[in-house]
Amino acid sequence: MTGTATTTSPVLTVTDVTKAFRFGPPWRRQRIDVLRGASLEVGPGELVGLVGENGSGKSTLMQIIVGLLGHDGGTMTAPARLGYCPQQPLLWEKLTVAEHFELFNQAYRLDDATAASARDGLLDELGFAKYLDYRVEALSGGTRQKLNLALALVHRPELLLLDEPYAGFDWETYLRFWEMAERRREEGMGILIVSHLLAERDRLTRIYELRDGRCEVIS
Ligand SMILES: Nc1ncnc2c1ncn2[C@@H]1O[C@H](COP(=O)(O)OP(=O)(O)OP(=O)(O)O)[C@@H](O)[C@H]1O
Ligand SMILES: [Mg+2]
């Protein structure tokens, strides 16, 4: 195993996290325990995979790490500067690609020069510069995902969380995506990537499988 998180302090630590969802009407209240003590770790410069069958809780765990969902038990440490690429792109239909970058640059408080070079670099890396003035409603699914991914990266996060970021990518973009991820990892970014595919296992530092609410190292 390469570059385990034991030598340097991890950029993400999840310890015994539990999460239950409650749903249904009061007279037929149901509860599902999605996470039952999930633990995992990502070190700087690690590209870590998270696999598991549909409904095993991968997206739930990611949303808890990002702070979009609360958890019932357990602890977590994550850096303030993190990037998150959700499974379903979170974009505004009426805004253009350029306007999305502006919004995120403001949210991250990037200065103009840094913002412009980060934006242009990402447009170039992912090959969608020609769509800069398109509104999201006019973009294909794959291009929306490129934007989604680029927005998670503009502020050079210490930790990057990717929830199946390439589902709509064509083959060339898919390969380019993995090269991008490896470049970021080499620069010291910690990356956690949700995937059903194990085809790219050689690129991953470590793979966790989420099963019965817990994470187990499988590779
Ligand atoms: N808001 C919610 N209310 C009730 N149940 C939920 C809610 N969100 C998720 N769940 C349930 O939690 C479980 C885990 O869902 P989650 O989306 O985390 O799975 P996943 O591993 O990401 O699946 P997939 O591979 O399909 O993306 C599922 O059984 C799902 O139905
Ligand atoms: Mg999911």
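Above this text sits the structure in question.
Residues numbered from 1 in each chain as written. Chains lettered and ligands numbered in written order. Predicted model: local features only at pLDDT ≥ 70, side-chain atom pairs only at ≥ 80, totals over all residues. Heavy atoms only, no water.

Colleague: In this structure, what is going on with the coordination of the magnesium ion (ligand 2)? I would like to understand it.
Modeller: Four donors placed tetrahedrally around a metal ideally meet at 109.5 degrees, and six donors placed octahedrally ideally meet at 90 or 180 degrees. The protein atoms that coordinate the magnesium ion (ligand 2) are Ser59 (OG) and Gln87 (OE1), at distances of 2.0 to 2.3 Å. Placement of the pair is Ser59 in helix H1 (residues 58-66) and Gln87 in the loop between strand S5 (82-85) and helix H2 (97-107), with a sequence separation of 28 residues. Given a relative accessible area of 18%, Ser59 falls into the buried group. Accessibility expressed as a relative area gives 33% for Gln87, which makes it partly exposed. (Donors = N, O, S within 2.8 Å, 3.2 Å for Na, K, Ca; no water. Helix = DSSP H or I, 4+ residues; strand = E, 2+ residues; numbered from the N terminus. Buried < 20%, exposed > 50% of the residue type's maximum accessible area, 1.4 Å probe, protein only.)

Colleague: Where do I start with the site of ligand 1 in this structure?
Modeller: Close to ligand 1 lie 14 residues, the nearest being Gly55, Gly57, Lys58, Ser59 and Thr60. Measuring from an oxygen atom of ligand 1, one finds a side-chain N or O atom of Ser59 at 2.9 Å. In this structure, Gln87 approaches ligand 1 through a side-chain N or O atom, which is 3.0 Å from an oxygen atom. When ligand 1 is considered free in solution it has 640 Å² of accessible area, and contact with the protein chains removes 62% of it. Of all the secondary structure elements, the ones that give two or more residues to the shell around ligand 1 are strand S2 (30-42) and H1. The biggest single contributor to the shell around ligand 1 is H1, with three residues. Residue composition of the shell around ligand 1, grouped by class: three nonpolar, eight polar and three charged. (Near = heavy atom within 4 Å. Polar contact = N/O pair within 3.5 Å; in protein donor to acceptor, adjacent residues only side chain to side chain. Areas by Shrake-Rupley, 256 points an atom, 1.4 Å probe, with all protein chains shown as cover. Nonpolar A, V, L, I, M, F, W, Y, C, P; charged D, E, K, R; others polar.)

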